[in-house]
Amino acid sequence: MAATTTVPASVERQTRGNGLLLFGVLGGMFLAMLDQTIVGTALPRITAEFGGAGLYTWVVTAYLLTSTVTVPLYGRLSDAYGRKPLLLIGITVFLLGSVLCGLAQNMGQLIAFRGVQGLGAGALLPLSLALVADLFPPDKSGRVQGAIGAVMAGSYIAGPFLGGFFTDHASWRWAFFVNIPIGVVLLAIIVLRLPRVPGTGRARPDYLGIAVFTVGISALLVGLTEKGLDGHTWTSPPVIGPLIAAAVLLVAFVLVELRAEQPIIPLHLFRNRTYTIVNLASFFTAACLFAGAVFLPRYFQQAQGQSATSSGLHIYPLMLGMVAGSMLTGLLISRTLRYKPWLVAAPFLIAAGALLCSGLAVDTPTWSLVAWMALMGLGIGPMLSGLTVAIQYSVPPSYIGTASANLTFFRQIGGSVALAVAGTTYTTVVRDQAAARVPLTEAHAAAAATVIPWLAVVGAVIAVVALIFLPGRAVPGLGTRAAPAVAE
């Protein structure tokens, strides 16, 4: 039996045609995703100034760890107490962390303050996704989700470019200070324009579940981070130890959640076929996203010798493809009220573009690169917008925050796993090529031509196999938002 809710008339009047409110909602999401990547191109300069090369990756990991762990917590709490107060808390903590990062005087401080920044960032993406479902009527949801996908794409590509630009032309500290004026504007918009919609009010903190989940996911991310360091194999103690601990703790977490009165990750939602398939697809398509957003800039910098700023500009065809694919999918969903056909078709475009990248070389023609990246982007874009529509319409309205948060969580964990595996492969190819006396630039081109195709193709193939089993039902019609019962 379906559960149906109608958007309150007062809320609909406040949000109808409200582009400023949409800007405020999407702006928070942009900031959170931007800071996942903006620091990467600034890190070499930071390390040169502070030293502590051995702590290099922890500047990224500290942010990823705290933001990933808190995503499900914010989502669950927002279902209970409303989105607005949780979003305001998240932005405030994020801005505090940004200021502290910009003022850091050594690597230890920077790592700690990045952790603070991540504690706030965990609220921004899932609550932005949930607010779109709450505030904008179903006849606009596809187009709005297309805009969300465009923001996601833009943040992944803009991050490396802006980080390089600030580092080259101002100071690496502006990679953090840039958040302040944007964040203050967003706070003002949210305080003044975002309606306060109360939650269910039913949430007793699952303290044991929170504790086990936090330690388990932290151990997983620590193990994956250590795997990305030179000289560490899967059986190295700093890698295998945390991963075994994570496996044990996550099994324990499942047992705790099965008995919890108000679990932070309600496991009964996974009985819903759409919900499970979409989260699985989100996990594996993260490999496709990171294949382009991480390894293509590395190719431009290390194979073609471009600067950080230039490499950010050269991957704009990927970004524009993602924007176009996301917005087109949003329009198609709005017109047809169906998402399955577009989700199933998208991975084929990803795989085609990625396979063409197996021809990457130091002197690959620019127009070939543009076409290959645009094709990949056209396939990745729908996976950013369409999956969000699918998961939000697969659960009862009282679980939208939780569902949006879990979609984000699985994408971030999938990206972390993909980077750990692909980073090892990349390093191995470069080392083997160098041992064969191949020039270093050609070695990096060969590594990119190996990693990008297999990483993106494997992710795309698994995703499309899963998506074939999605129910083919239509998105609910205009004026109401209908969601199926948990079992489907």
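Residues numbered from 1 in each chain as written. Predicted model: local features only at pLDDT ≥ 70, side-chain atom pairs only at ≥ 80, totals over all residues. Heavy atoms only, no water.

Asks: Break down the confidence of the model for the protein for me, with residues and values.
Replies: In this model, the protein carries a mean pLDDT of 83, and residues with pLDDT of at least 70 account for 88%. Model confidence for the protein, summarised as mean pLDDT per element, is weakest for strand E1 (residues 3-5) at 38 and strongest for helix H15 (residues 340-356) at 94. This stretch, residues 1-17, has a pLDDT under 50; its non-local contacts, to residues over four places away or in other chains, come to 28 contacts. Per-residue pLDDT stays below 50 along residues 478-488; that stretch engages in 49 contacts with residues further than four places along the chain or on separate chains. (pLDDT = per-residue confidence, 0-100. Helix = DSSP H or I, 4+ residues; strand = E, 2+ residues; numbered from the N terminus. Contact = heavy atoms within 4.5 Å.)

Asks: Could you give an account of the nonpolar core, with specific residues and numbers?
Replies: Ranked by internal contacts, the top residues of the largest apolar core, which has 106 residues, are Met29, Leu360 and Leu467. Leave out the neighbours within four places in its chain, and leucine 467 touches Ile277, Ala281, Lys340, Leu343, Val344, Pro347, Met383 and Leu387. Within the second largest apolar cluster, 21 residues are counted, among which are Ala219, Leu224, Phe253 and Ala405. (Core = buried A, V, L, I, M, F, W, Y, C linked by side-chain atoms within 4.5 Å. Buried < 20%, exposed > 50% of the residue type's maximum accessible area, 1.4 Å probe, protein only.)

Asks: Account for a nonpolar patch on the surface, naming residues and giving values.
Replies: Among the surface-exposed residues, Val251, Val254, Leu255 and Leu258 lie close enough to one another that they form a single nonpolar patch of about 380 Å² accessible area. Mapped onto the fold, leucine 258 is located in helix H11 (residues 237-259). (Patch = residues over 30% accessible without salt bridge, like charges linked within 9 Å, V, L, I, M, F, W, Y side chains within 5 Å. Areas by Shrake-Rupley, 256 points an atom, 1.4 Å probe, with all protein chains shown as cover. Salt bridge = Lys/Arg side-chain N within 4 Å of Asp/Glu carboxyl O.)

Asks: If you had to explain unusual backbone geometry to someone new, which residues and values would you point to?
Replies: The phi dihedral of leucine 337 falls on the positive side, at around 60 degrees, and the residue is not glycine. Its place among the elements puts leucine 337 in the loop between helix H14 (316-336) and H15. With a phi angle near 65 degrees, arginine 437 is a residue other than glycine that sits in the positive phi range. Position of arginine 437 relative to the elements: it lies in the loop between helix H17 (400-435) and helix H18 (440-467).

Asks: Tell me about the environment of alanine 354, and please be specific about residues and values.
Replies: For alanine 354, the position within the fold is in helix H15. Sequence separation between alanine 354 and methionine 376 is 22 residues, and the spatial gap between their C-alpha atoms is 6.4 Å. Each residue touching alanine 354, except ones within four places of it in the same chain, is listed here: Met376, Ile452, Pro453, Ala456 and Val457.

Asks: Describe helix H6 (residues 107-135), with residues and values.
Replies: A rise of 1.5 Å per residue sets the reference length of H6, with its 29 residues, at 42 Å; its end C-alpha atoms lie 41 Å apart and thus fit the reference within 8%. At glycine 120, H6 shows its largest kink, close to 30 degrees. The buried fraction of H6 amounts to 22 of the 29 residues, a majority that puts the element mostly inside the structure. The opening residue of H6 is asparagine 106, an N-cap whose side-chain oxygen sits 3.1 Å from the backbone nitrogen of glycine 108. (Expected span 1.5 Å × (residues − 1). Bend = angle between axes of the 7 residues up to and from the residue. Polar contact = N/O pair within 3.5 Å; in protein donor to acceptor, adjacent residues only side chain to side chain.)

Asks: Please set out the side chain of aspartate 79 residue by residue, giving values where relevant.
Replies: Topologically, aspartate 79 is positioned in helix H4 (residues 58-81). Side-chain polar atoms of aspartate 79 contact the backbone nitrogen of glycine 401, separated by 2.9 Å.

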